[in-house]
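# Observations on the three-dimensional arrangement
Here is how the chains run, residue by residue.
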Amino acid sequence: MRDRNGELLKSTLILSIGQIVPKFLTFIILPILTTYLTQRDYGLYELTISVASFCIPMFSLQIQQGVFRYLIENKINKENIITDSFYFLILIFVIFSLPVVGCWYLYTKSIYLSTVFFLAYFFEMLLTWAGQTVRGLGDNVSYSMAYICYSVCFFAVLVCELLLNKTLSIYNVVAAMIISYALSAVFLLVKDKLYSYICLASFDKKVLKVLLAYSIPMVISSAALWIVNLSDRFFVSGMLGVEVTAVYAVANKVPNLFNSFYGIFNLAWTENTSKLTKDEKSCDYYSIFFKSFYNVMVGLMLLLICAGPIIFKILINSKYNNAYSLMPWLYIGVFFSSLVSFLGSIYIGEKRTKDVGVSSAVGAVINVLINLFFMKQFGIIVAALSTIISYAIIFVYRAIDIKKYVTIKYNLKSIVEGLITIIFVSIFNMEFSIIRWMISLIIMITYNWVFNRNTVVALGKKVMGKFARK
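These figures come from a predicted structure and were not determined experimentally.

### Digging into the overall build of the protein chain
Along the protein chain, the regular secondary structure elements total 17 helices and zero strands. Its C-alpha atoms give the protein chain principal-axis dimensions of roughly 70 × 60 × 45 Å. Counting all 470 residues of the protein chain, 54% fall into the buried class. Considering only residue pairs separated by 6 or more positions, the protein chain has 84% of its internal contacts joining residues 24 or more positions apart. Surface summary for the protein chain: the accessible area is close to 20,700 Å², and the carbon and sulfur share equals 70%. Computed over 40 positive and 23 negative side-chain charges, the inter-centroid distance for the protein chain is 3 Å.

### Some thoughts on a nonpolar patch on the surface
Together, Val358, Val362, Leu385, Ile389, Ile393 and Tyr397 give the surface a local cluster of nonpolar side chains, amounting to about 430 Å² of exposed area. For the nonpolar patch, the secondary structure elements donating two or more residues are α14 (353–378) and α15 (381–401). When its relative accessible area of 32% is taken as the criterion, isoleucine 393 is described as partly exposed.

### Considering the packing of helix α6 (residues 140–165) against helix α7 (residues 170–191)
Axis separation between α6 and α7 bottoms out at 8 Å; the angle between their running directions is 150°. Regarding the angle of α6 to α7, the classification is roughly antiparallel. Two packed elements cross with a definite hand, and for α6 against α7 that hand is right-handed. Taken together, the residues of the contact of α6 with α7 break down into 18 nonpolar, five polar and two charged.

### Quick word on the environment of isoleucine 346
Topologically, isoleucine 346 is positioned in helix α13 (residues 327–349). According to the relative accessible area criterion, isoleucine 346 is buried, its value standing at 0%. C-alpha of isoleucine 346 to C-alpha of threonine 270: the two residues are 76 residues apart in sequence and 7.0 Å apart in space. With residues near it in sequence (within four places) discarded, isoleucine 346 still touches Trp269, Thr273, Tyr286, Ile402 and Val406.

### Some points on the pattern of salt bridges
Under the defined criterion, the tally for this structure stands at three salt bridges. Ionic pairing is found between aspartate 139 and lysine 191, a salt bridge with its closest N-O pair at 3.9 Å. Taken together, the residues span a long stretch of sequence, with aspartate 139 in the loop between α5 (111–136) and α6 and lysine 191 in helix α7 at a distance of 52 residues. In this structure aspartate 139 comes out as buried when scored by relative accessible area, which is 19%.

### Regarding the layout of surface pockets
In this structure, the second largest pocket encloses a volume near 240 Å³. Lining the second largest pocket are 15 residues, and of these Phe395, Val396, Ala399, Leu412 and Ile415 sit closest to its centre. Looking at the lining of the second largest pocket, the elements with two or more residues in it are α13, α15 and α16 (412–428). Classifying every residue of the lining of the second largest pocket by side-chain character gives 14 nonpolar, no polar and one charged.

### What about the nonpolar core?
Among the nonpolar cores identified, the biggest contains 146 residues, and Tyr42, Trp129 and Phe342 are the most heavily contacted of them. Top element by residues in this core is helix α12 (residues 285–315). It accounts for 16 residues.

### Description of α13
Between its first and last C-alpha, α13 extends 33 Å over 23 residues, near the 33 Å set by a 1.5 Å rise per residue. In terms of residue burial, α13 counts as a mostly covered element, since 22 of its 23 residues are buried.

### Quick notes on α5
A rise of 1.5 Å per residue sets the reference length of α5, with its 26 residues, at 38 Å; its end C-alpha atoms lie 38 Å apart and thus fit the reference within 8%. In terms of residue burial, α5 counts as a mostly covered element, since 19 of its 26 residues are buried.

### Focus: the packing of α5 against α7
Viewed as axis vectors pointing N to C, α5 and α7 meet at an angle of 25°, and their least axial separation amounts to 8 Å. One finds that α5 runs roughly parallel with respect to α7. The way α5 lies across α7 gives a crossing that is left-handed. Here the contact of α5 with α7 is built from residues that sort into 22 nonpolar, two polar and one charged.

### Some words on the environment of asparagine 77
With respect to the helices and strands, the residue asparagine 77 is situated in the loop between α3 (63–73) and α4 (78–108). Judged by relative accessible area, asparagine 77 falls into the partly exposed class, the value being 39%. Once the C-alpha coordinates of asparagine 77 and serine 202 are considered, the two residues, 125 residues apart in sequence, prove to be 9.3 Å apart.

### Here's the deal with the side chain of serine 184
Considering the arrangement of structural elements, one finds serine 184 in helix α7. Among the polar contacts listed, one links the side chain of serine 184 to the backbone oxygen of alanine 146, at a separation of 3.3 Å. Among the polar contacts listed, one links the side chain of serine 184 to the backbone oxygen of serine 180, at a separation of 2.8 Å. Discounting chain neighbours no more than four positions away, the residues touching serine 184 are Leu127, Ala146, Cys149 and Tyr150.

### Details of unusual backbone geometry
You will see that leucine 61, though not glycine, has its phi angle at about 55°, which is positive. By the secondary structure assignment, leucine 61 is in the loop between α2 (39–60) and α3. A relative accessible area of 24% means that leucine 61 is categorised as partly exposed. We note that lysine 166 has phi near 65°; this positive angle belongs to a residue other than glycine.

Rules used in this analysis
Position numbers for residues start from 1 in each chain and track the written sequence from start to end. It should be noted that, the model being predicted, local features are given only for residues of pLDDT at least 70 and side-chain atom pairs only at 80 or more, the latter also being counted only at that level, while totals for whole chains, interfaces and linings use all residues. The basis for the side-chain values is all heavy atoms of the structure; hydrogens and waters are excluded. For the purposes of this entry, the term helix denotes a DSSP run of H or I that reaches at least four residues, the term strand denotes a run of E that reaches at least two, and both are numbered from the N terminus. Buried residues are those whose accessible area, probed at 1.4 Å on protein chains only, stays under 20% of the maximum for their type, while exposed residues exceed 50% and partly exposed ones sit between those limits. Only heavy atoms enter the contact rule, under which two residues are in contact if any of them lie within 4.5 Å. Each accessible area is a Shrake-Rupley estimate made with a 1.4 Å probe; only the visible protein chains count as cover when residues are assessed. Positive charges come from Lys and Arg alone, negative charges from Asp and Glu alone, with His and the N- and C-terminal ends not counted. By convention, the charge on Lys lies at NZ, on Arg at CZ, on Asp at CG and on Glu at CD. Like-charged residues within 9 Å of one another, or nonpolar side chains (Val, Leu, Ile, Met, Phe, Trp, Tyr) within 5 Å, are grouped into patches, provided each residue has over 30% relative accessible area and no salt bridge. Take a side-chain nitrogen of Lys or Arg and a carboxyl oxygen of Asp or Glu: if they are within 4 Å of each other, that pair is a salt bridge. Axis lines are fitted through C-alpha atoms, for helices just across the contact stretch, and the angle between N-to-C directions can take any value from 0 to 180 degrees. Any angle that is under 35 degrees is reported as roughly parallel, and any over 145 degrees as roughly antiparallel; angles of 65 to 115 degrees are reported as roughly perpendicular and all others as oblique. Helix crossings get a hand from a simple test, with the near helix turned counterclockwise from the far one by less than a right angle marking a left-handed crossing and a clockwise turn marking a right-handed one. In this classification, Asp, Glu, Lys and Arg are treated as charged, Ala, Val, Leu, Ile, Met, Phe, Trp, Tyr, Cys and Pro as nonpolar, and every other residue, Gly included, as polar. Using a grid of 1 Å spacing that covers the protein atoms alone, one calls a set of points a cavity when a 1.4 Å probe fits there but cannot get out, and a pocket when the set is open and has protein on both sides within 12 Å along at least five of seven lines; lining residues are those with an atom within 4 Å of a point. Grid points are joined across faces, edges and corners, and a volume is the space filled by probe spheres set on the points. For the purposes of this section, nonpolar cores are sets of buried Ala, Val, Leu, Ile, Met, Phe, Trp, Tyr and Cys residues that join through side-chain atoms within 4.5 Å. Expected helix span is given by 1.5 Å per residue-to-residue step, counting one fewer step than there are residues. Any pair of N or O atoms that falls within 3.5 Å is considered a polar contact. Within protein, one atom must be able to donate a hydrogen and the other to accept it, and sequence-neighbouring residues count only if both atoms are side-chain atoms.

Note that all results are geometric; they support no functional claim without further evidence.
What follows is the structure, given as structure tokens:
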């Protein structure tokens, strides 16, 4: 059997290169935005990011995922894949420009702001397409460099605007996003010469149909998971006010940073599941890996909850102090989100993209109903709890359903122990005190020593071995 875990580690390390600088800059940018933007502008900024995460998969029909999958397997001519997907995205941009601008105008009452929001979506969509294309061509390094380019440009443009204007507005921030997305997409087009693959003569409807047949079912899952993860902000905005949306968004910042890091692992994990042979799948590979993965995830969540007071003090402006009590619950939401994505990658590896959407849709409906019926009465905490409940239901559904396709066994005792530990520490840390923090720290260290020390040692040896060979 090939060293699949070694290959997974290698891919994760390469993809992580592009996340060190962006995440570092995110830590610097967050206090700038929360200090200089009004709560209303910061709320709008977070809303447009939320809308982008919904609209881009919907507009593109997730064709980028099909591009990556078929390029990496080399089953169809590269020129056809890249040309078809590029022209498809341009057509989509033209079709959806007026409806999206019109919808944003109804909300913002500003045609200029509505237009720049949509331009930001277009260039983000172009960068996503270019990134998945170069990954499909085998160039994960350029993929990482492009996102470094985006973050550096975004930070630089924001600083320049701040120096010139002595303040920031939502217009400045969105302009910085457009410039940064555009430059990063151009970087990939030039660096990997993607333009050389784009030729109208290479357009083939049959290839486009193959790509869309693979990717369209993933749109349902993407939309549903967006509802579970981000629609809360619209309920908060509509029922509690845009200012409260800003508080919820700030509370989400650090948990979402972890989500971004997990996304890098998940890219490599999806690639890994797509390459597994039947023999490897039948040898309890998934069962063994899931056990270690689950324990590590619990340990990481406990670590982040314990680090919460320090991170919050450094990164968040004091006017958002009421966001602190939400953070432990948002970590639990991120925890279940990671488990859902982990199993979702196995579905994709099995090319069961149609099955991914069913569980996601169930979770989305539950999320909406909880927010609709309870938020007005119980307040912002409902946004966090609805996300936890929805992702937990999706995870249970997938954990059972996926056994139809692959061999995977679960250690229920270990799962329950980990979950109880996270919930206890989360409740314990809704308010800060030194004693609470010390007790939580002891629990975190104990759990990681008991359940994760062997995994950490093995992982460390693999990492050191790879650096030693270089």
